[in-house]
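Listed below are the residues making up each chain.
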Amino acid sequence: MSNVGRIYLDHAATSPLRPEARAAMEEGFALWANPSSPHAEGRKAKQALEDARDRIKRALGWDGEVIFTSGASEALAIAMRQAKVDRRIVSAVEHDAVFRAAPDAESFSDDAVLDDRTVLAIQHVNSETGVINPLAQMAQTVEATGAVILSDCSQSAGKLPLPKADMLVVSAHKFGGPIGVGALLVRDFNLLDPIGGHERGYRQGTENLPGAMGMAAALDAGEWHTTAEQRAEFAQQVAGYALTMGEQVDYIFALTHPTLSAQALLIRLDAMGFAVSAGSACSSGTLKKSRVLDAFGVSDDVAARTIRVSTGWSTTAQELEQFAEAWRSLV
């Protein structure tokens with residue numbers, strides 16, 4: 001089936017690979033040696049890996065450490081399982097990967113007691129609603145307790161300034177990098193227990209050099225095809241149908257139809273040439289109510305009629321206008 005004429009609006013699930021990232025990966029594939037090997041080929045691969053690491057730190061404005069991983073899920077698992085803490089507390093709207101990494105975690109509440117033996121997981125931008133969590137306001141209060149702040153920045157890295165936190169998670173394929181590579185940004189390695197292996201002993205498995213190089217190139221590329229003004233105009237066009245639960249980003253929208261179910265909307269929009277989703281990619285294949293929307297207090301009826309539209313670096317203003325027109329035809 002050809003994708004000619006189709007419009008992809010599911011960037012929160014994954015974004016298309018940037019041409020710059022593809023070119024960088026091809027360079028990486030030519031460096032076939034293991035970066036941990038002591039010979040000349042290994043040293044050359046190691047130099048390329050460290051160059052990618054430095055570029056990622058510069059692009060994200062991060063002055064701590066960077067541990068390359070296979071993606072956000074592994075980064076979250078390292079952060080939750082290897083943190084030198086006794087307690088793990090997570091917000092109710094975290095990605096499923098957080099709960100898989102820490103199945104015994106406590107639920108966060110305003111009266112939660114925090115101390116220096118606690119890690120608190122609070123995502124930066126919610127993947128289903130686009131809500132920006134108030135980490136800036138929380139940081140000072142949490143900092144005073146000595147608790148470790150872990151923030152999942154999969155939906156904000158490369159798009160927004162990173163929040164102040166002790167550990168942050170980024171995923172390359174959310175901003176036009178390759179699938180299968182991400183990173184855990186760590187303020188200080190002393191926050192984690194080493195397990196041996198690669199990445200200074202904090203992660204096992206040979207590093208994905210082509211992936212790391214592609215990730216760095218995608219971050220360096222930066223620019224989107226739409227301007228902030230064009231995205232704001234689109235937000236206005238769908239404002240009457242968008243769930244609003246606080247400060248929102250301008251690239252993820254939870255849209256509710258007056259009568260049609262989310263499944264019916266997905267089928268109709270797909271037939272009209274639009275790729276959108278219902279909730280996160282990890283749960284959109286089910287008919288269950290979104291756990292995230294439930295945590296945000298969205299009623300069952302509204303949640304059942306809500307889809308997610310997410311834009312990215314390759315989205316054009318014309319595509320946004322075409323979707324707005326199609327949406328108007330459905331409502």
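For the structure itself, consult the block above.
Report follows, based on the coordinates.

Cut-offs used in this document
Residues numbered from 1 in each chain as written. Predicted model: local features only at pLDDT ≥ 70, side-chain atom pairs only at ≥ 80, totals over all residues. Heavy atoms only, no water. Pairing = 2+ DSSP bridges. Helix = DSSP H or I, 4+ residues; strand = E, 2+ residues; numbered from the N terminus. Contact = heavy atoms within 4.5 Å. Axes fitted to C-alpha atoms, helices over the stretch in contact; angles between N-to-C directions. Expected span 1.5 Å × (residues − 1). Buried < 20%, exposed > 50% of the residue type's maximum accessible area, 1.4 Å probe, protein only. Salt bridge = Lys/Arg side-chain N within 4 Å of Asp/Glu carboxyl O. Core = buried A, V, L, I, M, F, W, Y, C linked by side-chain atoms within 4.5 Å.

Considering the sheet that holds strand E5 (residues 118-121)
Through backbone hydrogen bonds, the strands of a sheet pair up, either in parallel or in antiparallel fashion.
At step 1: In spatial order, the strands read E2-E8-E7-E6-E5-E3-E4; together these seven strands make up an open sheet with mixed pairing. Pairing within the sheet leaves two strands with one partner each, and these edge strands are strand E2 (65-69) and strand E4 (106-107).
At step 2: The sheet contact formed by E5 and strand E6 (residues 148-152) spans three bridges and is parallel. Across the sheet, the residue bridging to Leu-120 is Ile-149, located in E6.
At step 3: Contacts from helix H3 (residues 72-82) reach E2, strand E3 (87-90), E5, E6, strand E7 (167-171) and strand E8 (182-186), with the element oriented near 165° to E7.

Overview of helix H2 (residues 40-60)
At step 1: Between the first and last C-alpha of H2 there are 30 Å, a value that for 21 residues agrees with the 30 Å anticipated at 1.5 Å per step.
At step 2: Along H2, the positions that sit buried rather than exposed are Gly-42, Ala-45, Ala-48, Leu-49, Glu-50, Ala-52, Arg-53, Ile-56 and Leu-60.
At step 3: Structurally, H2 contributes buried residues whose contacts are with E2, E7, E8 and helix H6 (209-221).
At step 4: Within two residues after H2, Gly-61 carries a phi angle of roughly 65°, on the positive side.

Notes on the pattern of salt bridges
At step 1: With the rule as written, the count across this model stands at 17 salt bridges.
At step 2: The closest approach of N and O atoms between Glu-106 and Arg-87, which form a salt bridge, is 3.1 Å. One end of the pair, Glu-106, is in strand E4; the other, Arg-87, is in strand E3, with 19 residues separating them in the sequence.
At step 3: A relative accessible area of 23% places Arg-87 in the partly exposed class.
At step 4: Connected through shared salt-bridge partners, Lys-46, Glu-50, Arg-53, Glu-199 and Arg-200 make up one network.

Things to note about the nonpolar core
At step 1: Among the nonpolar cores identified, the biggest contains 41 residues, and Leu-60, Val-170, Leu-185 and Met-215 are the most heavily contacted of them.
At step 2: For this core, the secondary-structure elements that each account for two or more residues are helix H1 (19-30), H2, E2, helix H5 (135-145), E7, E8 and H6.
At step 3: Per element, the largest residue contribution to this core is eight residues, and it comes from H6.
At step 4: With near-sequence residues (within four places) excluded, Val-170 lies in contact with Leu-60, Ala-72, Cys-153, Ala-157, Gly-182, Ala-183, Leu-185 and Met-215.
At step 5: Among the nonpolar cores identified, the runner-up in size contains 27 residues, and Ile-67, Ala-83, Ala-97 and Leu-191 belong to it.

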